[in-house]
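One letter stands for each residue in the lines below.
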Amino acid sequence: AVVADLEAVADQVITDTASVVAGTRDWWAGSMIGETAGIPATPSAVIVKVSTTEQVQAVLRLSDAHDLPVTVSAGRSNVTGAALPVRGGIVLDVCELNRFVSFDEASQIVEVEAGMFGDVFEEMIQTKFGMTMGHWPSSYGISTVGGWVACRGAGQLSTRYGKIEDMVYGMDVVLADGSLITVGESTRAAVGPDLQQLIIGSEGTLGVITTIRFKLHRLPSHGRAIAYGFPTFAAGLEACRQIMQQGANPAALRLYDNLE
């Protein structure tokens, strides 16, 4: 009966075990080893695919009414198994919640749905608007912008642009009972605890992020990479400290040892 209710509000509901296992696997080797041993991490889940905020709300109302756990799923670039639905229930696939909403040139704030993949998003804002977000995680091409926020991600250029929590201006979140809230939407202000920062990094445990407003940066007109050698790792580390503390603020600053 619950599956029929889900089918009435979602784009697609997947129930057969093989498809569920394949559609929830992430990049954690442990999940693949478990499957080989006949112990999949998704023993009784169903995948529910949605493409609108309203559908997310409807699914969460049903899960709330029937006491079903919900695991949000998107790019599945995770490497620790944390996004696997080990308690079954509903796997909420938000990859089709991926529309570009708007860009405001004056404020440099962009609005996008959470399921858009990072490489698609960055290419769009660069080619159409001459902007960048400056967020380049290792999972850049296989993760979504909502995943970046939900996992409080860091990127290769965080020395200059900050981490994802520095880039979020506001977002819409669906709570466990299906209600929709908006958090953020302000610059620095004395308004008490920041609910937005609580949700960033909560990995879907406090709500489902559906739409995000990001603060962008203009693309730099020039870029240059420089490499230096040091006699010891400690000497290189001291050089990095001096660079940062004197305010050079490079986009990326990395120190490698000989083996690396």
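When helices and strands are tallied, the protein chain shows nine helices and 11 strands. Along the first, second and third principal axes, the C-alpha atoms of the protein chain reach 65 × 50 × 35 Å. Per-residue burial for the protein chain yields a buried fraction of 39% across its 260 residues. Within the protein chain, residue pairs in contact and separated by at least 24 positions form 64% of the contacts whose partners lie at least 6 positions apart. Summing over all exposed atoms, the protein chain offers an accessible surface of approximately 14100 Å²; the carbon and sulfur share of this is 54%.

So, on to the sheet that holds strand β6 (residues 109-113). Overall, antiparallel pairing links the five strands, which are arranged β5-β6-β10-β8-β9 in an open sheet. Two strands close off the open sheet at either side, each with one partner strand: β5 (100-104) and β9 (180-184). Adjacent strand axes in the sheet meet at a mean angle of 15 degrees, parallel and antiparallel pairs treated alike. Where β6 lies against strand β10 (residues 208-215), five bridges are found, and the strand directions are antiparallel. By the bridge assignment, Glu111 is partnered in β10 with Arg213. Packing of helix α5 (residues 118-129) onto the sheet brings it into contact with β5, β6 and β10, and relative to β5 it is tilted by some 40 degrees.

Here we take up the pairing of strand β8 (residues 168-174). Counting buried positions along β8 yields six of seven residues, so the element is predominantly enclosed. Inspection of the sheet shows β8 paired to β10 by six bridges, in the antiparallel sense. Each bridged residue has a counterpart across the sheet, and for Gly170 the counterpart in β10 is Arg213. Sheet topology note: the β8/β9 ladder contains five bridges and is antiparallel. Considered in β9, the bridge of Gly170 is made with Gly184. Where β8 folds back onto β9 in an antiparallel hairpin, the turn is made up of five residues, including Gly178, whose phi is positive at roughly 95 degrees.

Attention now goes to the packing of aromatic side chains. Aromatic rings considered in pairs are described by the distance between their centres and by the relative angle of their planes. Within the structure shown, the criterion is met by four aromatic pairs. Ring geometry for Phe100 versus Phe129: centroids 5.8 Å apart, planes at 20 degrees, classification stacked. You can see Phe100 sitting in strand β5 and its partner Phe129 sitting in helix α5, a full 29 residues away along the chain. Of the residues examined, Phe100 reaches a relative accessible area of 24% and is grouped as partly exposed. Measuring from centroid to centroid gives 5.9 Å for Phe121 and Phe214, while their planes differ by 50 degrees, and the two rings are tilted. Separated by 93 residues along the polypeptide, Phe121 in helix α5 and Phe214 in strand β10 bring together distant segments of the chain. Here Phe121 and Phe214 have matching classes, each one buried. Put simply, the rings of Phe100, Phe103 and Phe129 pair up and form one aromatic cluster. Sitting above the plane of the Tyr161 ring, Arg160 keeps its charged end 5.9 Å from the centroid.

This next bit is on the pattern of salt bridges. Two side chains that carry opposite charge are able to pair once their charged atoms sit near each other. Summed over the entire model, instances satisfying the criterion amount to eight salt bridges. Taking the shortest distance from any N to any O, the salt bridge between Arg213 and Glu185 comes out at 2.8 Å. Residue Arg213 is found in strand β10, and its partner Glu185 is found in the loop between β9 and α8 (195-199); the two are separated by 28 residues along the sequence. According to the relative accessible area criterion, Glu185 is partly exposed, its value standing at 33%. Within this structure, Glu111, Asp172, Glu185 and Arg213 form a network of salt bridges that share partners.

Overall, the prediction assigns the protein chain a mean pLDDT of 92, with 99% of residues at 70 or greater. Mean pLDDT across the secondary structure elements of the protein chain bottoms out at helix α3 (residues 29-36), with 82, and peaks at β6, with 98.

Criteria and cut-off values
- Each chain carries its own residue numbering, running from 1 in the direction its sequence is written.
- Residue-level local features of this predicted model are given only where pLDDT is at least 70; pairs of side-chain atoms are given and counted only at 80 or more, and the full residue set underlies all totals for whole chains, interfaces and linings.
- Just so you know, side-chain values use all the structure's heavy atoms and leave hydrogens and water out.
- Only DSSP runs of H or I covering at least 4 residues are called helices, and only runs of E covering at least 2 are called strands; the numbering of each starts at the N terminus.
- Partly exposed describes any residue whose relative accessible area lies between the buried limit of under 20% and the exposed limit of over 50%, with all areas from a 1.4 Å probe on protein chains only and scaled to the type maximum.
- Only heavy atoms enter the contact rule, under which two residues are in contact if any of them lie within 4.5 Å.
- Shrake-Rupley sampling with a 1.4 Å probe provides the accessible areas, and residues are treated as covered by the protein chains on show and by no other component.
- Being paired, for any two strands, means DSSP has found at least two bridges between them.
- Angles run from 0 to 180 degrees between N-to-C directions of axes, and those axes are lines fitted to C-alpha atoms, restricted for helices to the stretch in contact.
- Here is the rule: rings of Phe, Tyr and Trp (six-membered ring for Trp) pair when centre to centre is within 6.5 Å. Planes less than 30 degrees apart are stacked, more than 60 are edge-to-face, and the remainder are tilted.
- Charges are assigned to positions over rings by a cutoff of 6 Å between ring centre and Lys NZ or Arg CZ, combined with an angular limit of 35 degrees from the ring normal.
- The working definition used for a salt bridge is a side-chain nitrogen of Lys or Arg within 4 Å of a carboxyl oxygen of Asp or Glu.
- As a per-residue measure, pLDDT reflects the predictor's confidence and takes values from 0 up to 100.

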